[in-house]
Structure formats: C-alpha cells, structure tokens
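Listed below are the residues making up each chain.
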Amino acid sequence: MNVYKYASPTNFYPLAGKMIPWFATPAAILFAVGLFVGFFIAPPDFQQGDAYRIMFIHVPAAWLGMFLYVLMAIYAGIGWAFNARLASMMASSISVTGAMFTFISLVTGAFWGKPTWGVWWVWDARMTSTLILLFLYIGFISLQSSIEDPRRADRAGAVLALVGVINVPIIYFSVQWWNTLHQGATIRILQKPTIRGSMLWSMLILLAACWLYSVAVVLIRVRCIILEREQNAARFAEATL
Amino acid sequence: MLRWVVWRDLILAWRRRADALSTLFFFVIVVSLFPLGIGPETELLRSIAPGVVWVAALLASMLSLGRLFANDYQDGTLEQLLLTPQPLYLVVLGKVAAQWLTSELPLVCMAPLLGVQFGVSNDTLVVLVLSLALGTPVLSMIGSIGAALTLGLRSSSVLISILVLPLYIPVLIFGAGAVEASIIGQSPAPHIYLLGAITVLSLIFAPWATSAALRISVE
Amino acid sequence: MRGDRRVFSDVNFSLVPGSFLQVTGANGSGKTSLLRILCGLLKPAEGQISWQGASIHSLGEEYFTSVTYFGHRPGVKDELTAAENLRVSAGLGGVQVDTDRAHEALERMGLVGRGSVPARLLSEGQRRRVALARLLVCNTRLWLLDEILTSLDKTAISLVRSLIEEHLSGGGMAIVATHQELELSGHQKQRLELAT
C-alpha cells in the first residue's frame, strides 16, 4: 500500500473519517471507567480528603496541553519544511484541542486550589507556566486566524510554534526560578509514585482517554479544515463519494 | 553594506522624531500612572518599582515594534531589502540595531529618572539601567519576529503584543528580578548573568527566525 | 499557487544574453507572481528556476548580485531625498554611489534639480523615475521589471525604453511584464502570454 498517497488532504479525508470511531468509542469507554475508578474506587487522600480527586482530570489535561503543543510544533515544522499542506492542517487542528486542555487544566487547578490552599489562584511555577502556555496557544491561533492566505498562515504559524517550543524550557525554568509552591510531580518515572495504586490507575486511564479523545477530535477538525481549504480541488468531489 | 541599512533607518528615525519621542513619553506616562493608582507610600512604591518600570518598558517597546517593518512593507522597500546580496540575517540585525538605538536606548536612559520617582537607591538605579540595557535588545530581537510575522495584517500592533509578550516573560523575570534583588540587598549577579545569556542567545537565533518570517510574509 | 488556488501552470522558457522577454496577460493571470518567482521572492509550487545552470534556490544571495527587480510599488522612502534614496538602494545592492554621481543619474532620468528634494514632495511618476535611476548605476545582468511603465509619461517611457535597449546591447537580459506593447529595436524578443 502506498502510504504517501495519504499525505494528500483529499485522500486523507476518507481515511480520517474511518479512523474516528476507532478512537472516539474507546475514549468514551475509558473516560467512563477512569472517572468511575477515580471518583468511587480510589480512597480519599490522607491530607486533602476528597478534593484531590479533581487531580485525575487536572493532571492528564496539563500533560496533554504540554504534549500537544510540542506535537503541534512538530506538525507545523514538517508542514513548513516539506511544504506539506496536510501536516500544517493537522497543526492548526491540534492547536485548538491543546488550548482547550490547557484551559481545562487551569480551571481544574483553580478548583483544586480553593479547598486545598484557600484561594482560587496562586502564582506558583506550575500554574503560571500553564497560563503562559495558554497564552502561547492563543497567540498561535490568533495569528493563524488573522492571516487570510492559508499557506502564509501555515508557515507563519510554524515559525511562531517553533520559536515557542524552543522558548518553553526557558520560560519554564525562569518561572521555576521565580516561584515554587506547587507540589512536585507525583508520578516520576524512576521513583515510586507518592500516590497509591488505584489513584495511579485512574490517572493513567484518564490520560489514555484524553489521548484517544484528542486524536478523534483532531481528526474531526482536520476534516473540516480540509473541506474548507480544498474547495477548488476537483478530485475532492470524487474522493468523498 | 550593513551600514546602509542602519544609516538609512537612523536618518528616517531622526526625520520622524515624533515617533521615537512619543514612545518615550508613553513610557514616562505609564510609569507615572502606577503611583497614582496605588498610592504614594514610599515603601510600597519602592517594592513595585522594578516590575512597574520593566512592564512599562515592555509596553512601550510594543508600540515601536509595529513600525519596524510596516513602513518598508508599504512603500516597497522591504522587498528590495529581501533582494540584496547581503544575507538577510545581517539586514535584520541592522534594522533591529537601529530600532534599539532610536526607541529603546531612550527608555534605558530615562529609566534612572523614573527610578528616582520611586525612591530607589543609587546602586539600584545602576542595576536598573544595566538590566534594561541587557534586556531591551532581547525585546527588540524577539519583537522583530512578531513584527515580521504580522506584516500587513489588520490590528497588527495588538497581535504583535499577543504573540511576543509571553515570549518576553523570562526577560521580565530576570530583569525585574535583578532590580528587586538589589533593592532587598541581595546580589543581582545571577539574574544579570542569566539575562546576559538570554541576550546572547537571542542575538544569535532571533534574526534567523525574523528572516524566515519576513520571507513568509512578503510572499 | 495563490492561497490554495492555482494561478498558472506549464510555463517554460529560457533567456540568453542580449534578449528580452515580454510577459503579457490579463489582470490576475499571474504576471506579478511569475516575476516574483523569477526573482526568488515567491516559491513556485512546482518547477525550478535556473541561473547559469544552477537553481536560484541553491545560489542564495549570490543570485541577487545578478538581478534587479522592480515591483509595483516604487520602493522609494518618502522622508529621504531623491539622491539619498538612490544612494541607499544602490548601496544595498553593493554599488557605492556618491552624491555627485547620484545627482547625475537623477538628472539623466529627467529629475533636474530635484535631487535634494524629499521624495514625498515628488509626484508618483517622479518617484518611479527615482527608483528607476538605480538601473543607471547598477550593473546586474538580469532586469525583472513589473509594470514599471504605469504613471510614467511619454518622455519617461521612451527614456526607459532606451535604457533597456542599452542594457540589452551590453549583453544584459530583461523580463518585462506590461500591458502595453514594448517595442525595442533590433533585439531578440520573446513573448509569453499568460492566460487565466
């Protein structure tokens, strides 16, 4: 099978359509399972009581927000370097989902903060970096929506995303330097996690669920983008039949 | 040949003095608004001085960045700049250098006077000037990327701010942090070193990104 | 491609020293895009431009030592005088022009006594002449001229024509996009008509 033919948006469109249910359904199932485990099976935390449970949504959302930014930058870079329209469309599609997850992580972080620290918002390193990440997403989305020529929008977005991705470690380091209040990462790869079995399971299941959801939603959105931008391709009419 | 770019921009800035001066006045006005909004207690003002002066410098820079390439883009000279036998990297460096000299350097020079308004000591004023002298080139460099990306777009000034201000945050943190350290009696050296590192990095990498962005926008 | 729309396709030609190519076509047929592709400002979706056997992409800035491009806008800065504009644009192209020579060139373009006038006080046609004065002082082999005859009066047009003829006689090449017919005596002329 010639994989490269799927690099063309018109050919990718039906493939994406077929792929979506394979991600959406497992995502829905895993969401249900993960939330069930998190809210009903995992025991209350020693210090924080039941309020900590929002972490099961907050942590996957935060991770996904960060990871999707990198992925978006990679796709945008590929789209720019190889003049591959579909890769740029994927980047544009990912940007919205990434922004959404970052926003969710900020909001859930606030909901976690209120019972735990007494205030809705604290300027600690983690939350502040996440806020800045949201600004970076907003910048990318604003730039692309302000440029009318789609190819210019793709390439300009690529420059911005790559500059952003390089800056993210610098920003993170500088914010760390500036303030550290947030509790350290509770899952370290080489160390024993400080949270117990079922909590870890719930978080991992929800992480997988968010991942699958992201893939499904990005594919749905990229199909819309393809429709918008491929209006002139005559072959497209055949491909969608 | 680089000097043609710098010479040209310096002459143009001189003939349009009002632009550079208005940036400076904006800086002064914004800084003066804070005591009016917060209250005149010396202790309080001294503690907010680093942040206020730095943020005002950022905002004032945003104003002048919009002009960096827009004028040239409109009258067709930007295209010609892209077609010189010189590496575009150097052309960009030249333009940014001219912009720094005409828009940012006045801010750096004005900053000590504003610092006095906030009651900071002379040592701190030195740190303030040093931090701004190191940090404003980074503002110009990163800002040039934003200016190049948003060429010819509607409401490009606001868009530049949205794109570029998040990227400035490390500079703000280290720059204002240095001044703050000086105020509370600690050594500003670590902050200054990190700021210097960022300055060097941006001098090396930013013009490259700006060149790429210019080529994209002029297409 | 402009946006996601194909502007033109299947354009092939080659140019030898001393010849010139006239590009014509209706509005929107892509004359400007073609010239911008030829000078390297725009990248073609498919295809290649070669200069002396090497693709212009691989030549990079070196290619610009051989090309002068004039686009729609005159490329003249309002706050600089005519002479300063000429000196700057020549200087950026690598040619050092001192003030006297600049004034001479401007006079030849018909701008007698206007050399020290800020460009914003000049008319559109005069500004175009200031920009075109660069052709007198630069020594590039290929001239890419996009609709430069607009806003020029008859004297200026014949002046430009003689400039191009001189250039071609010296072994240079020119590609001119224009609505109007450009008759140049005694030079090998190709025509390229772009259709929408």
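Note that the structure is a prediction, hence the values are computed from the model and not measured.

Thresholds applied
- Residues numbered from 1 in each chain as written.
- Chains lettered and ligands numbered in written order.
- Predicted model: local features only at pLDDT ≥ 70, side-chain atom pairs only at ≥ 80, totals over all residues.
- Helix = DSSP H or I, 4+ residues; strand = E, 2+ residues; numbered from the N terminus.
- Rg over C-alpha atoms; globule rule 2.2 N^0.38 Å.
- Buried ≥ 20, exposed ≤ 12 C-beta atoms within 10 Å, placed from the backbone.
- Contact = placed C-beta atoms within 7 Å.
- Axes fitted to C-alpha atoms, helices over the stretch in contact; angles between N-to-C directions.
- Parallel < 35°, antiparallel > 145°, perpendicular 65-115°, else oblique.
- Nonpolar A, V, L, I, M, F, W, Y, C, P; charged D, E, K, R; others polar.
- Pairing = 2+ DSSP bridges.
- Domains from an automatic or database assignment.
- Expected span 1.5 Å × (residues − 1).
- Arc of directions from axis to C-beta.
- pLDDT = per-residue confidence, 0-100.

### Remarks on the overall build of chain C
- Regarding its fold elements, chain C presents 7 helices and 7 strands.
- On C-alpha atoms alone, chain C measures out to a radius of gyration of 17 Å, which is about the 16 Å that the 2.2 N^0.38 rule sets for 196 residues.
- For the C-alpha atoms alone, the extent of chain C along its principal axes is close to 50 × 40 × 35 Å.
- Split into buried and exposed, the 196 residues of chain C put 38% on the buried side.
- Restricting to contacts in chain C with at least 6 residues of sequence separation, those with at least 24 account for 70%.

### Examining the packing of helix α6 (residues 88-117) of chain B against helix α9 (residues 189-218) of chain B
All names here are of chain B.
- Where α6 contacts α9, the two axes come as close as 9 Å, and the packing angle between them is 105 degrees. With respect to α9, the axis of α6 lies roughly perpendicular. On α9, the residues touching L88, Y89, V92 and L93 of α6 are P207, W208, T210, S211 and L214.
- Looking at the contact of α6 with α9 residue by residue, the classes come out as 7 nonpolar, 2 polar and no charged.

### Topic: the sheet that holds strand β1 (residues 20-25) of chain C
All names here are of chain C.
- Read across the sheet, 5 strands follow the order β4-β5-β6-β1-β7 without closing on themselves; strand pairing throughout is parallel. The sheet is open, and its two edges are formed by β4 (67-70) and β7 (189-194), each paired on a single side. Within the sheet, the average angular offset between the axes of one strand and its neighbour, ignoring direction, is 10 degrees.
- Along the sheet face, helix α7 (residues 154-169) touches β1, β5 (142-146) and β6 (173-177) and points at about 145 degrees away from the line of β6.

### Focus: the domain arrangement of chain C
All names here are of chain C.
- On domain assignment, one finds that chain C holds domain 1 (1-66 + 141-196) and domain 2 (77-139).
- Centre-to-centre separation of domain 1 and domain 2, based on C-alpha positions: 23 Å.
- With 11 residues of domain 1 at the contact, the number on the domain 2 side is 9 residues.
- Broken down by class, the residue content of the side of domain 1 that touches domain 2 amounts to 7 nonpolar, 3 polar and 1 charged.

### Comments concerning helix α2 (residues 17-38) of chain B
Residues and elements named next belong to chain B.
- Counted at 1.5 Å a residue, the expected span for α2 with its 22 residues is 32 Å, and the 33 Å between its end C-alpha atoms agrees.
- If you check which residues of α2 are buried, you get A20, T23, F27 and V31. Buried residues of α2, seen end-on, are gathered within an arc of 65 degrees and therefore sit on one face of the element. Away from its buried face by more than 90 degrees, α2 exposes R17, A18, I29, L33, L36 and G37.
- Buried residues along α2 sit against α1 (2-15), α3 (42-65) and α6.
- Positive phi appears at G39, one or two residues downstream of α2, with a value of about 125 degrees.

### Quick look at the confidence of the model for chain C
Residues and elements named next belong to chain C.
- Of all residues in chain C, 94% have pLDDT values of 70 or greater, and the mean over the chain is 82.
- Per-element confidence in chain C is highest for β4, whose mean pLDDT is 89, and lowest for β7, whose mean pLDDT is 77.
- With pTM at 0.88, the complex prediction returns an ipTM value of 0.89.

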